[in-house]
Every structure is written in C-alpha cells, then in structure tokens.
Amino acid sequence: MRPLQCVCFNVLLQHGRHFLLLLLAVSPSLSSGNPASGRLTFTNGQFTLLQIADVHYGEAPDEAWGPEQDRKTDAAQFRLFDAVKPDLVVFSGDQVTGNNVQDALKATALEKAYAPAVNASLRWASVLGNHDDAALEGGTQEAAPALRRSLVEFERSAFGERGSFTCSTPGACPEMLAPGVSNYWLLLGDDRPRVLLWFLDSGGGSCPEQLPKPTMKWLAREAASLRATHGELPALTFVHIPPPEYLAARAAGGDSCLGLAEDAVTPTKGRNALVKTLEAAGGARAVFVGHDHGNAWCCPYSSLHLCFGRHSGYGGYGDWARGGRVVRLSLDPASKGGVAVRTWVHLEDGSVSDEQWL
Ligand SMILES: [Zn+2]
C-alpha cells in the first residue's frame, strides 16, 4: 500500500506540544479548506453510505499478529468498498486502538485506517471513539484532550483535500465543545440540500463517555439555523457510543428489532437527551453507533430508528463475521421528507441481511 506522508504532522512531531497548542489557539474550529472532492450529491436519485465500525488499527505493533490483523482489515474494507461502491464512507469511531499505540504514532495508525478509502478514491467522514486517543497501556501519561483534537486536525491537514469531509463545514468541530471534538454536520443534495447528516463526539479516551449538554445545545442551535435556511430535512446521526435510549429501544423493541444482538449495550454515562434533541430539531430518521461489536441491530424507538453498525475490523474484541452497514437514500416524493431510507448489513463474504426501511 502506498505510504502516506504528512509534512504538517511531521512538523507537529518535531516541534511538539507547544506548536500544537499554538496551532489550536489560532484555529477555533477545524473548518479551513474544502475537500477537493466537492459537494456530496445524489446520482440518479440515489446516495449510498457505508458505515465502517471499530476497525481498531494498531494493536500489538511489535508482534506478528498485530500488523497481520491490520492487513486483514484492509482486505475487509476493500471487499466492502468494491461490493457496496459507497458515495460516502462513515468511520464511526475506534479507527485506532490508541491504548496499544504510542501518542506520537497514533496519527500514523489513523492513516493506515483510512488508507483503503484513499486507495479506492472514496470520500469519507469520521467521528472519534473511546479508543482512538486512549492512553498507552502501561505508560506513564494520561490521555490528553489536546491529542484527541490533534487527531482530527491531522485528518483535516492530511486528507482534507483527498477525501475526508470530517469537520469540513463552516464552524465545524468548535473548540467550545472541548474536550469533545468531532461535532459537525454535512448536507447531501442535488440542486438543493436534501438530507442532513450529524456527526457527534460521545467521548471516551481523554474525556468522559457522554453526550454532554453543551453538545446538545450546539446541535439544537445549528439545527434551528439549518432549518431556517433549508427547511426541515431528513436527518441521520452518527456517533460512536450508544446513548442510553438504546437500552430502552432494545427492551421494548421485541420482534420489531432486526439484526445481530449478541452483545450488551454499554451506553454513554449521565443524563442524555440525544433522541429528544433530534426529535425537537425535526426530520430525525435514525441514529447509527458502533462500540458494542456483537450488536448490529436496528430497533424502532419513539419516532426514529436506533441502529448499530457492523463490526468491520479484525482489531477489537469479538469474532463475529466482519461487515458494514449500508444506508441507501433515494429521492422519492412519496416518502417522508422526500427521501426513502433503506438499510442492510453487508458482510465481508458478500452476504446481505437484515434489510429494512427506516
Ligand atoms: Zn470498538
């Protein structure tokens, strides 16, 4: 695979923390520059998303099985990309097992996670999980919020012109939501915006595992402003850790839940208002999470669906067959919000299951 070099990150490494803090001080949000790949538009009325969940690159770097595991994840990603041909890949967190990777090498592990998408000339958007910036096991340093932010800053500088839409819109990933970082939205459209995608940071690593109040307030504010400009748009939300509503959805869902349910739900901590905030914002259709590798279900809950992706990587716990969740959006005047949303799980071996409307 082509080695990817980033001058910016090398400079960061050479000049260390002070340079990083200076950089962050002059960039209150991470929205500078637009992806060269342009706008996200429908083709023949369709747009296909592929959620890649928990690839966990960088485990056991000094043992044979660690890099071998990453090569198997590369192959799994290529197979899924080739079969699904997504218009946008969503990396839903835990791209890297940070607790196995020294801080100075975490961005290199992130490069490896995105390399298959780069090599397949695909576009993507990402959120961070609880492992990406986790402190090295057995090390002396605690996870640092500046590192969490530097990973997203690195993604912007290394891939902002080569496929990454992460934090690419005006005001995206605002520093005021620190220690959370990957909080932003994207619009999909043709002649006008048709669908709104939310990306939220549920913490972990250097911050508490939660969707804190300031993030919900920011979401409500941004949603009101987008609605005033574009009207109510169908909205999909991507976040790493499931909010507690997933527990309630599973408990009440019964037969209306579809898909693999062989794992516990380990939700964000504290009071949570994600579903309430999304419903108040209008247009909410579904939330997609990762985190619990043995879950790949979707359950209806209140007025929307709560879904897991499918564990896509050979890193991280569990041996469930690897795959990805496909979400196909079709422009359809007869559907709610003018957009039909279909989802299914596509496994690495090519099999497809759990197809449903959202
Ligand atoms: Zn994970």
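Everything in this summary refers to the structure shown in the same document. A quick note: this is a predicted structure, and the numbers were derived from the prediction, not measured.

**Brief notes about the overall build of the protein**
Of regular secondary structure, the protein possesses 7 helices and 12 strands. Out of the 358 residues in the protein, the part that is buried amounts to 51%.

**Examining the nonpolar core**
Formed by 88 residues in total, the largest nonpolar core has its most connected members in Val-90, Trp-124, Leu-197 and Val-287. Excluding residues within four positions of it along the chain, Val-287 makes contact with Thr-237, Val-239, Leu-274, Leu-304, Leu-306 and Cys-307.

**As for the sheet that holds strand S5 (residues 193-200)**
In space, the 6 strands of this open sheet follow the order S4-S5-S6-S7-S9-S8, with mixed pairing throughout. Either end of the sheet is taken by a strand with one partner, and the two such strands are strand S4 (184-189) and strand S8 (298-301). Pairwise comparison of adjacent strand axes, ignoring direction, gives a mean angle of 20° for this sheet. Where S4 lies against S5, 6 bridges are found, and the strand directions are antiparallel. Residue Tyr-184 lies in a different strand from S5, and its bridge partner there is Phe-199.

**Concerning the sheet that holds strand S2 (residues 88-91)**
The 6 strands are arranged S3-S2-S1-S10-S11-S12 in an open sheet whose pairing can be described as mixed. The sheet is open, and its two borders are formed by strand S3 (124-126) and strand S12 (352-357), each paired with just one other strand. Mean inter-strand twist for the sheet, computed between neighbouring axes without regard to direction, equals 20°. The sheet contact formed by strand S10 (residues 323-331) and strand S11 (residues 339-347) spans 9 bridges and is antiparallel. Directly across from Ser-330, in S11, lies its bridge partner Ala-340.

**Considering the packing of helix H5 (residues 213-230) against helix H7 (residues 274-281)**
Interaxial distance between H5 and H7 falls to 9 Å at its minimum, and their mutual angle equals 10°. When the axis of H5 is compared with that of H7, the two are roughly parallel. Along its contact with H5, which presents Met-216, Leu-219, Ala-220 and Ala-223, the element H7 presents Thr-277, Ala-280 and Ala-281.

Reading the values: the criteria
Within each chain, residue numbers correspond to sequence positions counted from 1 in written order. The predicted nature of this model means local features are confined to residues of pLDDT at least 70 and side-chain atom pairs, given and counted, to a pLDDT of 80 or more, with totals for whole chains, interfaces and linings taken over all residues. What counts as a helix is a DSSP run of H or I of at least four residues, what counts as a strand is a run of E of at least two, and both are numbered from the N terminus. Here exposure depends only on C-beta density: within 10 Å of a residue's C-beta, 20 or more other C-beta atoms make it buried, 12 or fewer make it exposed, and intermediate numbers make it partly exposed, the C-beta atoms being placed from the backbone. By definition, a nonpolar core groups buried Ala, Val, Leu, Ile, Met, Phe, Trp, Tyr and Cys residues that are joined through C-beta atoms within 7 Å. By the convention adopted here, residues are in contact when the distance between their C-beta atoms, placed from the backbone, does not exceed 7 Å. Only strands joined by at least two bridges in the DSSP assignment are considered to pair. Fitted lines through C-alpha atoms serve as axes, helices being fitted only where they are in contact, and the angles separating the N-to-C directions of these axes extend from 0 to 180 degrees. An angle counts as roughly parallel when it lies under 35 degrees, as roughly antiparallel when it exceeds 145, as roughly perpendicular when it falls between 65 and 115, and as oblique in every other case.

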